[in-house]
Amino acid sequence: MKKLTIFLTILFCFVAAVDAGAKTKKRTKKRTRTTRVVRKRVVPPTIHENPYLVCEDTCEHVHGIDMSHYQGEVFWETVGEKTKMAYVYLKATEGGDRIDSQYERNIDLAHRYGLKVGSYHFFRPKADLQLQLENFRTQCLPGEQDLIPMLDVETTGNLSTEEFCDSLHKFLDMLEETYHQKPLVYTFRNFYNKHLVGELDAYQLMIAMYADDPPVLADNRDYTIWQYSCKGRILGVNGMVDKSCLMGGHTLQDLRFIH
């Protein structure tokens, strides 16, 4: 009887010890269980969030800029030798009497340092058309042009759409008669969609929209150049720069000034 009691006591202690060990192991396992860390995907900034991001270094488009007196004195040697800019459109004139103060210097040095150059006029729909033409002609000399002239169209001048388009078409015809080729037309996507759908089918377009994806026009028509930023940065220019690139299968040959 005494032996049985001792045996049962030993058995009870053994079972208790095993049970305690299992509970300790379970608690330890629970304490050491790792928590899965979900890391958020880091999305790199776009050129519109970081103007120092050099888009032309990461794609195969042909890139260019447009410039005026707003950029001040440009170091064209640096632009030509240290950047991938292939072309530049330079502001020549505005309305009937304004001449860009940097135009003469810009066109001379841009040529000297290897960029293909075109000139543009900022259109004022209510200003005298003949005065605007004469103003542009005094600056945009055919012998200095690599690219067809460009007309910058951004305002209706408080005219109705019908009156504005009538003035625009008259001036486009005057430019074509003067330079013997159709000009390039620059405008913003929203402005085009509101006022110009169906009006410029015979003209090449430069469309401005500052976004990560190319603009789609209301009539889905093709355009030659997309101006994708007004806050770009390039070596040789202290301020911000309008940057653009050729779209689709277009090349600079499509914009060649015919002499």
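Report follows, based on the coordinates. (Residues numbered from 1 in each chain as written. Predicted model: local features only at pLDDT ≥ 70, side-chain atom pairs only at ≥ 80, totals over all residues. Heavy atoms only, no water.)

## A look at the overall build of the protein
What the protein contains, in helices and strands, is 6 helices and 9 strands. For the protein, the proportion of its 259 residues judged to be buried stands at 41%. Within the protein, contacts between residues at least 6 apart in sequence are counted, and of these 63% link residues at least 24 apart. Of the accessible surface of the protein, which amounts to about 15,400 Å², a share of 54% is contributed by carbon and sulfur atoms. (Helix = DSSP H or I, 4+ residues; strand = E, 2+ residues; numbered from the N terminus. Buried < 20%, exposed > 50% of the residue type's maximum accessible area, 1.4 Å probe, protein only. Contact = heavy atoms within 4.5 Å. Areas by Shrake-Rupley, 256 points an atom, 1.4 Å probe, with all protein chains shown as cover.)

## Notes on the nonpolar core
M67, W76, V88, L168 and L200 are the most contacted members of the largest nonpolar core, which has 49 residues in total. At 8 residues, helix α5 (residues 161-179) tops the list of elements feeding residues into this core. Residues L147, I148, M150 and I225 belong to the second largest nonpolar core, which totals 13 residues. (Core = buried A, V, L, I, M, F, W, Y, C linked by side-chain atoms within 4.5 Å.)

## What about the side chain of T93?
Note that T93 resides in strand β2 (residues 85-94). Owing to a relative accessible area of 0%, T93 belongs among the buried residues under this scheme. Among the polar contacts listed, one links the side chain of T93 to the side chain of H121, at a separation of 2.7 Å. The residues touching T93, leaving out its near neighbours within four places in the chain, are R98, I99, Y120, H121, F122, N135, F136 and Q139. (Polar contact = N/O pair within 3.5 Å; in protein donor to acceptor, adjacent residues only side chain to side chain.)

## A closer look at the packing of aromatic side chains
All chains considered together, the criterion is met by 7 aromatic pairs. Arranged with centres 5.3 Å apart and planes meeting at 20°, the rings of F123 and F171 form a pair that is stacked. Here F123 is found in the loop between β4 (116-122) and α4 (129-139), whereas its partner F171 is found in helix α5, with 48 residues between them in sequence. In this pair, the class of F123 matches that of F171, namely buried. Aromatic pair F188 and Y210: ring centres 6.0 Å apart, planes at 85°, arrangement edge-to-face. Highlighted residues: F188 in strand β6 (residues 184-188) and Y210 in the loop between β7 (205-208) and β8 (225-232), separated in sequence by 22 residues. (Phe/Tyr/Trp six-rings, centres within 6.5 Å; stacked < 30°, edge-to-face > 60°.)

## A short note on the side chain of N106
Structurally, the position occupied by N106 is in helix α3 (residues 103-112). Among the residues examined, N106 registers a relative accessible area of 1% and is labelled buried. If we skip the residues at most four places from it in the chain, N106 touches S68, V74, W76 and L90.

## Details of the pattern of salt bridges
All chains considered together, the criterion is met by 8 salt bridges. In this structure, D108 engages R112 in a salt bridge whose closest nitrogen and oxygen atoms are separated by 2.9 Å. Of the two residues, D108 and R112 both sit in helix α3, 4 residues apart, roughly one turn of that helix. Using a relative accessible area of 53% as the deciding quantity, one classes R112 as exposed. Across the salt bridge formed by K182 and E176, the nearest N and O atoms sit 3.0 Å from each other. Here E176 falls in the partly exposed class, since its relative accessible area comes to 25%. By sharing partners, the salt bridges in this structure join K91, E94, R98 and R124 into a single network. (Salt bridge = Lys/Arg side-chain N within 4 Å of Asp/Glu carboxyl O.)

## What about the packing of α4 against α5?
One way to put it is that α4 packs onto α5 with a least axis distance of 10 Å and a crossing angle of 35°. You can see that α4 and α5 cross each other, and the crossing is right-handed. Between α4 and α5, the contacting residues are L129, Q130, Q132, L133, F136 and R137 on the first element and S167, K170, F171, M174, L175, T178 and Y179 on the second. Residues of the contact of α4 with α5, tallied by class, amount to 7 nonpolar, 4 polar and 2 charged. (Axes fitted to C-alpha atoms, helices over the stretch in contact; angles between N-to-C directions. Left-handed = near helix turned anticlockwise from the far one by under 90°. Nonpolar A, V, L, I, M, F, W, Y, C, P; charged D, E, K, R; others polar.)

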